[in-house]
Amino acid sequence: MMQSWRLVSLLALFAFWIPSLGSTPAVAAAFAQNSTGTTTNSPAQNNAASSSSSTAQETTSPLQTEPLRGPEQPVPFSHKQHAGTLKMPCEYCHTPSRSGETLTIPRASFCMHCHLTIATDNAGVEKLAAYAKSNTTIPWVRIYELPSFVGFSHKVHLQHGATCEQCHGAVAERVRLYKESDISMATCVNCHRAKQASIDCNTCHMLEQ
Ligand code: HEC
Ligand code: HEC
Ligand code: HEC
Ligand code: HEC
Ligand code: HEC
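No experiment lies behind these values; they were computed from the predicted model shown.

## Brief notes about the packing of aromatic side chains
For the structure shown, the criterion picks out two aromatic pairs. Against the face of Y178 rests R69, its NZ or CZ located 4.1 Å from the ring centre.

## Regarding the coordination of the iron atom of ligand 2
Coordination sphere of the iron atom of ligand 2, protein contribution only: H154 (NE2) and H168 (NE2), at 2.0 to 2.1 Å. Coordination at the iron atom of ligand 2 is octahedral: its six donor atoms span angles of 86 to 179° at the metal. Placement of the pair is H154 in helix α7 (residues 154–159) and H168 in helix α8 (residues 164–168), with a sequence separation of 14 residues. We classify H168 as partly exposed; its relative accessible area is 23%.

## Topic: the site of ligand 2
Contacts to ligand 2 come from 19 residues, most closely from L146, H154, C164, C167 and H168. R142 places a side-chain nitrogen or oxygen 3.2 Å from an oxygen atom of ligand 2. If you list the elements that add at least two residues to the shell around ligand 2, you get α4 (90–93), α7 and α8. Looking at side-chain class alone, the shell around ligand 2 contains ten nonpolar, six polar and three charged residues.

## Section: unusual backbone geometry
The phi angle at K87 is positive, at roughly 55°, despite the residue not being glycine. One non-glycine residue, Q196, lies in the positive phi region at around 55°. For Q196, a relative accessible area of 74% puts it in the exposed group.

## Re the nonpolar core
Residues V75, A108, C111, M112, L128, Y131 and I138 constitute the largest nonpolar core, which totals seven residues. Only α5 (108–115) and α6 (123–133) provide two or more residues apiece to this core. With three residues, the single largest contributor to this core is α5. In contact with L128, not counting residues within four places along its chain, are V75, A108, C111, M112, H115 and I138.

Rules and cut-offs
Residues numbered from 1 in each chain as written. Chains lettered and ligands numbered in written order. Predicted model: local features only at pLDDT ≥ 70, side-chain atom pairs only at ≥ 80, totals over all residues. Heavy atoms only, no water. Phe/Tyr/Trp six-rings, centres within 6.5 Å; stacked < 30°, edge-to-face > 60°. Lys NZ or Arg CZ within 6 Å of the ring centre and 35° of its normal. Donors = N, O, S within 2.8 Å, 3.2 Å for Na, K, Ca; no water. Tetrahedral: all angles 85-135°; square planar, octahedral: opposite > 155°, others 65-115°. Helix = DSSP H or I, 4+ residues; strand = E, 2+ residues; numbered from the N terminus. Buried < 20%, exposed > 50% of the residue type's maximum accessible area, 1.4 Å probe, protein only. Near = heavy atom within 4 Å. Polar contact = N/O pair within 3.5 Å; in protein donor to acceptor, adjacent residues only side chain to side chain. Nonpolar A, V, L, I, M, F, W, Y, C, P; charged D, E, K, R; others polar. Core = buried A, V, L, I, M, F, W, Y, C linked by side-chain atoms within 4.5 Å. Contact = heavy atoms within 4.5 Å.

Structure representation (structure tokens):
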């Protein structure tokens, strides 16, 4: 069922991703090369397919396949499409901050490595391009956010073998993210108990020393 350009693109992506997660211009180039003419799955664009795959054009937008929960985002970004179908690794976009405590959310210009040439007439991509052009930070609505009196480090948890899915659910299957996992104090403390990690109040709450 998968379009052939996509398969080729995926192979190209793996070729770049496996040796180095950072080479986005190369990735974009690989996409640009292989996706000529088939850069949209919008039903309105039904004659844009290249000669060899004209019947494989997708007709359903991924935005229509499940009822959407969670906040509407300024750009309708789909994890299902990027992390699911396209198999982009989480860490490709969510690189750690300098301290490793927080993970970053990519800037519009990062997305444009691909979207300068991919799906350029998709309405969401047009919005994305406008943010990139005006060099504006996309005002993503946050999904998981702890109150400021709680300390949390991704680095420590990932180093101890926790997975993204454990705390954020089946992200790669979601067209739109919602808070499907609980990050309450009880959840934190339960796992800390189970893993024999500290449950002192001070571990998570930055009280005066
Ligand atoms: C490695 C390349 C790549 C990167 C990086 C990338 N995308 Fe995409 N994106 C794609 C491909 C491929 C599609 C599918 C196009 C299609 O189906 O015709 C897509 C589709 C989309 C769509 C259209 C969804 C729909 O309705 O069909 C939007 C919007 C989008 N991406 C936003 C983003 C945003 C925002 C970012 C950055 C956070 C981003 N993309 C990063 C490759 C990429
Ligand atoms: C042990 C639980 C846990 C694991 C494992 C985990 N996260 Fe998180 N994540 C959280 C919590 C809690 C927050 C909210 C942090 C805050 O507001 O300070 C968060 C926030 C985020 C954010 C928003 C930016 C930030 O850092 O606050 C992103 C993006 C994110 N997580 C992605 C991921 C990815 C990708 C993975 C896997 C590589 C992952 N998370 C693994 C619990 C976890
Ligand atoms: C193409 C880039 C890209 C990839 C790949 C990607 N993400 Fe994201 N992620 C984003 C963007 C953009 C947002 C902000 C919009 C949103 O919430 O959907 C985001 C938001 C999130 C958030 C919510 C952060 C918060 O608190 O607001 C979590 C959690 C997350 N991603 C986890 C993951 C996991 C787990 C994976 C791998 C399965 C993954 N992401 C793969 C771009 C990406
Ligand atoms: C999947 C199990 C798990 C969950 C869920 C979890 N933790 Fe942890 N946490 C651990 C483990 C394991 C350690 C490492 C303990 C050690 O260093 O021996 C740890 C360590 C920590 C530390 C100490 C970091 C350091 O610098 O040593 C803090 C703070 C922390 N967790 C906060 C939280 C908060 C807040 C939450 C909930 C949002 C949470 N954790 C959820 C397993 C978990
Ligand atoms: C493993 C991490 C962790 C430990 C240990 C921990 N807390 Fe919390 N605590 C949290 C998180 C996460 C929240 C925020 C919950 C939310 O936003 O829903 C929180 C919230 C709170 C709140 C705000 C009210 C509430 O329930 O939301 C109080 C008060 C509190 N904690 C007290 C304590 C005390 C006292 C201890 C020691 C007995 C302690 N905490 C130990 C993670 C922790």
